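# Structural description and commentary
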Amino acid sequence: MPGPASTLMIEDCLQKMIAKDGKTGPKYEKSQGLIPKGSHSVFGDFPDDFMPPALKYRSRSTGTLPRIQTAPASMKKLTSGLNSSDGFRQSNGFSNNPHLPQDSPPKAGATIRRPVLPTQFRTFYDRGDLPISVMHGSVGGKIVWKVDVEKLDYHHYLPIFFDGLREKEDPYRFLAVTGAYDMMSCGGPKLLPVVPQLIIPIKTALNTRDPQLVCTMLKVLQKLVQSGEMIGEALVPYYRQILPIFNLFKSSNANIGDYIEYAQRKRLNLGELIDETLEIFETHGGEDAFINIKYMIPVYESCVRA
């Protein structure tokens, strides 16, 4: 059974074979401004005098690849028709429904993907500050720790690995996901004091509204809560930062009728993962967990018998 990082890599290869229009993968997402562009090479950016013509054509006057500074194309499409010249937000006919007037307002865009900003994990890994490397074997890559995981400073390294969970490009994604799971498996009592430092990376990853990143973070949250005592209760005060995205995607289930979903072993169904995570939060969060979940997600029903 492949691990969480290997599952993501296999799914990427499968989607490339299924979708042959070139609109999948990191290269396309970089062109749309959804994920950050990296350096020109492993040694950094090319100087202006030695830059290849292809990069020089796409670069700015500074000689570097364009970085994310504006909203992605998907969000620009939603907001391009807004006009505030008369003091009101009016649309130019975004609706495709023939029963609605042409000047009906556009979609709110609450579930539209947001651009992923550069992560600290990438910076630390490129600088060689992380005690990890990839071992390329005959059965797939593995992560190699240069020191014992139990001896790491969890206050320093674990938030960095959680921040790297927003990566969608390998080897950063593979190292961040595998490293986070390894640290949670070996952390034990070291995990509980670090929980407050993990809230910002968790919230940042969920706010991207990228289904793949949200699924990865949900699996990590389940592993985190089950990795030690009192961790579920320590997360209860932070439900207001974590659960709003759960409320947005709670109904995102595949409506396939009475057919069989053969891809359920990959655990990439967003709605089911959210239900599983909320049930784990309630069972491990103590007596105050349900009322706080119910406050943020009114449609949630308890899985614990009264």
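In case you missed it, the structure is sitting above this.
For the structure given in this document, a descriptive report is provided here. These numbers come from a predicted model, not from an experiment. (Residues numbered from 1 in each chain as written. Predicted model: local features only at pLDDT ≥ 70, side-chain atom pairs only at ≥ 80, totals over all residues. Heavy atoms only, no water.)

Moving on: the layout of surface pockets. Here the largest pocket is characterised by a volume of approximately 560 Å³. Taken together, 24 residues make up the lining of the largest pocket; nearest its centre are Glu11, Asp12, Gln15, Gln212 and Leu268. Among the elements of the structure, helix 1 (4-18), helix 2 (26-31) and helix 9 (211-225) are those that each provide at least two residues to the lining of the largest pocket. The leading source of residues in the lining of the largest pocket is helix 1, at five residues. When its residues are assigned to classes, the lining of the largest pocket shows eight nonpolar, five polar and eleven charged. (1 Å grid on protein atoms, 1.4 Å probe; cavity = no way out; pocket = protein on both sides within 12 Å on 5 of 7 lines; lining within 4 Å. Points joined across faces, edges and corners; volume = space filled by probe spheres on them. Helix = DSSP H or I, 4+ residues; strand = E, 2+ residues; numbered from the N terminus. Nonpolar A, V, L, I, M, F, W, Y, C, P; charged D, E, K, R; others polar.)

Attention shifts here to helix 8 (residues 195-207). With 13 residues, helix 8 should reach 18 Å at 1.5 Å per residue; the first-to-last C-alpha distance of 18 Å fits that figure. The complete set of buried residues in helix 8 reads Val195, Leu198, Ile199, Pro201, Ile202, Ala205 and Leu206. Here the buried face of helix 8 lies against helix 6 (154-163), helix 9, helix 10 (231-235) and helix 11 (239-249). Following helix 8 by one or two positions, Arg209 adopts a phi angle in the positive range, close to 60 degrees. (Expected span 1.5 Å × (residues − 1). Buried < 20%, exposed > 50% of the residue type's maximum accessible area, 1.4 Å probe, protein only. Contact = heavy atoms within 4.5 Å.)

A cis geometry characterises the amide bond from Asp170 onward to Pro171, with omega recorded as 10 degrees. Relative to the assigned elements, Pro171 resides in the loop between helix 6 and helix 7 (172-187). Phi at Met230 is positive, roughly 70 degrees, even though this residue is not glycine. Residue placement: Met230 occurs in the loop between helix 9 and helix 10.

With that settled, the discussion passes to the packing of helix 8 against helix 9. Where helix 8 contacts helix 9, the two axes come as close as 9 Å, and the packing angle between them is 150 degrees. Considering the angle they form, helix 8 stands roughly antiparallel to helix 9. Along its contact with helix 8, which presents Leu198, Pro201, Ile202, Ala205 and Leu206, the element helix 9 presents Leu213, Val214, Met217, Leu221 and Leu224. Here the contact of helix 8 with helix 9 is composed, by residue class, of ten nonpolar, no polar and no charged. (Axes fitted to C-alpha atoms, helices over the stretch in contact; angles between N-to-C directions. Parallel < 35°, antiparallel > 145°, perpendicular 65-115°, else oblique.)

What follows deals with the pattern of salt bridges. Side chains carrying opposite charge are able to pair once their charged atoms draw close together. For the coordinates displayed, the defined rule picks out 16 salt bridges. Among the ionic pairs, Lys30 bridges to Glu169, the shortest N-O distance being 3.1 Å. Of this pair, Lys30 sits in helix 2 while Glu169 sits in the loop between helix 6 and helix 7, placing them 139 residues apart in sequence. Overall, the relative accessible area of 18% leaves Lys30 in the buried class. The closest approach of N and O atoms between Lys151 and Asp148, which form a salt bridge, is 3.7 Å. Judged by its relative accessible area of 68%, Lys151 falls in the exposed class. For Asp148, a relative accessible area of 43% translates into the label partly exposed. (Salt bridge = Lys/Arg side-chain N within 4 Å of Asp/Glu carboxyl O.)

Moving on: the packing of aromatic side chains. Tallied over the full model, the rule gives seven aromatic pairs. With 5.6 Å between their ring centres and 40 degrees between their planes, Trp145 and Phe161 make a pair best called tilted. Taken as a pair, Trp145 in strand 2 (residues 140-145) and Phe161 in helix 6 lie far apart in primary sequence, 16 residues in all. Residues Trp145 and Phe161 agree in their burial class; the two are buried. Ring geometry for Phe246 versus Phe281: centroids 6.3 Å apart, planes at 15 degrees, classification stacked. Of this pair, Phe246 sits in helix 11 while Phe281 sits in helix 12 (residues 270-284), and the two are 35 residues apart along the sequence. Put simply, the rings of Phe121, Tyr125, Trp145, Phe161 and Tyr172 pair up and form one aromatic cluster. In this structure, Arg122 is placed above the aromatic ring of Tyr172, and the distance from its NZ or CZ to the ring centre is 4.3 Å. Lying across the ring of Phe124, Arg127 places its NZ or CZ 5.0 Å from the centre. (Phe/Tyr/Trp six-rings, centres within 6.5 Å; stacked < 30°, edge-to-face > 60°. Lys NZ or Arg CZ within 6 Å of the ring centre and 35° of its normal.)

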